Amino acid sequence: MTGLLLTVLACALPATVLAQQPPVSSIRVTGDARVTAKPDRVQIDIGVTTRAAQSQDAALQNARQVDAMLTAVRKAAGPTAVLKTVSYSLNPNYQYHPNGGEPTIEGYTALNVVQVTLDELGKIGAVIDAATQAGANHVQGIQFTLRDQDAVRAEALREAALRARAVEENSPRVVPVRVYGGAPRAMAAAAPATPVEAGTLDVTADVTLSVEVGPAPR
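Residues numbered from 1 in each chain as written. Predicted model: local features only at pLDDT ≥ 70, side-chain atom pairs only at ≥ 80, totals over all residues. Heavy atoms only, no water.

*Asks:* In this structure, what is going on with helix α3 (residues 124-133)? I would like to understand it.
*Replies:* Three or four residues apart is the spacing at which side chains of an α-helix point the same way, because the helix has 3.6 residues per turn. Looking only at α3, the buried set comprises Ile 124, Gly 125, Val 127, Ile 128, Ala 130 and Ala 131. Residues of α3 that are buried sit in contact with β2 (41-52), α2 (55-77), β4 (104-118) and β5 (138-145). Once α3 ends, the next one or two residues include Gly 135, with phi positive near 125°. (Buried < 20%, exposed > 50% of the residue type's maximum accessible area, 1.4 Å probe, protein only. Helix = DSSP H or I, 4+ residues; strand = E, 2+ residues; numbered from the N terminus. Contact = heavy atoms within 4.5 Å.)

Here is the structure:
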């Protein structure tokens, strides 16, 4: 009987020791940062809209005006500019009758939109003016960007991580952490038509650290 009792106590001992160990919890700390940079690239969507009674006439007139517009834009923008077509459409114009019935086609509209990528921001106004004087009648948007966005994003992530670690250092008994990088968000200042002001770009980043917290050492 004595031998059996000792065996039971020996088997129960590890469970008792494990139960006395305090659980390890974790917390999350977050750091964010904002880096301001001046844009060094712009993308301008410039288009030509034409209308005619026949579809082929609308397309032909559009092609002539777009060709003249491209020639003028290349001259104003210089050899480093990049031009590419981003949208083209040729659609009928319907006439709807007040008394109902089938709508009738009264003509056609052709639209060709070309995106101009320009690194010399001082030429934005000249490019828009040259395009409109050559027949462009549609400026869809102006978007300022950075040629090297990764470098600015990396800087924002570094600063966010430093701020998160500063919070981490105030936590009790911190052990090595796992880092989850938040997706950077880029916000560009709005720009008017010619004359155009580029403004600045704000690149932000969030970093979250998962910190395991244990009991204070005795």
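Now, onward.
*Asks:* Sorry, what's going on with the sheet that holds β5 here?
*Replies:* Pairing in this open sheet of four strands is antiparallel, and the strands run β3-β4-β2-β5 from one edge to the other. At either end of the open sheet lies a strand with only one pairing partner, and these are β3 (82-95) and β5. Along the sheet, successive strands turn relative to each other by an average axial angle of 15°, direction set aside. As judged from the 13 bridges shared by β3 and β4, these two strands associate in the antiparallel manner. Bridging across to β4, Ser 89 finds its partner in Leu 111. Sitting on the sheet, α2 is in contact with β2, β3 and β4, with an inclination near 150° to β2. (Pairing = 2+ DSSP bridges. Axes fitted to C-alpha atoms, helices over the stretch in contact; angles between N-to-C directions.)

*Asks:* Before we go on, may I ask you to explain the pattern of salt bridges in this structure?
*Replies:* Oppositely charged side chains can pair when the atoms bearing their charge come close. Tallied over the entire structure, the rule returns three salt bridges. A salt bridge links Asp 40 to Arg 147, with the nearest nitrogen and oxygen atoms 3.5 Å apart. Linking Asp 40 in the loop between β1 (25-37) and β2 with Arg 147 in the loop between β5 and α4 (149-168), this pair joins segments that are 107 residues apart in sequence. Judged by its relative accessible area of 23%, Asp 40 is partly exposed. Residue classification places Arg 147 among the partly exposed residues on the basis of a relative accessible area of 49%. (Salt bridge = Lys/Arg side-chain N within 4 Å of Asp/Glu carboxyl O.)

*Asks:* I would appreciate a short explanation of the packing of α2 against α3 in the present structure.
*Replies:* To describe two helices that pack against each other, one gives the angle between their axes and the distance between the axes. Contact geometry for α2 and α3: axes closest at 8 Å, N-to-C directions at 160°. One finds that α2 runs roughly antiparallel with respect to α3. Considering only the axes of α2 and α3, their crossing is right-handed. Touching Met 69, Ala 72, Val 73, Ala 76 and Ala 77 of α2 are Ala 126, Val 127, Ala 130 and Ala 131, all from α3. Residue composition of the contact of α2 with α3, grouped by class: nine nonpolar, no polar and no charged. (Parallel < 35°, antiparallel > 145°, perpendicular 65-115°, else oblique. Left-handed = near helix turned anticlockwise from the far one by under 90°. Nonpolar A, V, L, I, M, F, W, Y, C, P; charged D, E, K, R; others polar.)

*Asks:* Mind showing me how you'd approach the nonpolar core here?
*Replies:* Nonpolar side chains tend to gather and get buried jointly when the protein is soluble and globular. Grouped together as the largest cluster of nonpolar side chains are 19 residues, with contacts concentrated most on Ile 46, Met 69, Leu 118 and Ile 124. At the level of elements, β2, α2, β4 and α3 are the ones that each hand at least two residues to this core. Per element, the largest residue contribution to this core is five residues, and it comes from α2. Once you skip the residues sitting within four places of it in the chain, Leu 118 turns out to touch Arg 41, Val 42, Ala 77, Ala 81, Lys 123, Ile 124 and Val 127. (Core = buried A, V, L, I, M, F, W, Y, C linked by side-chain atoms within 4.5 Å.)

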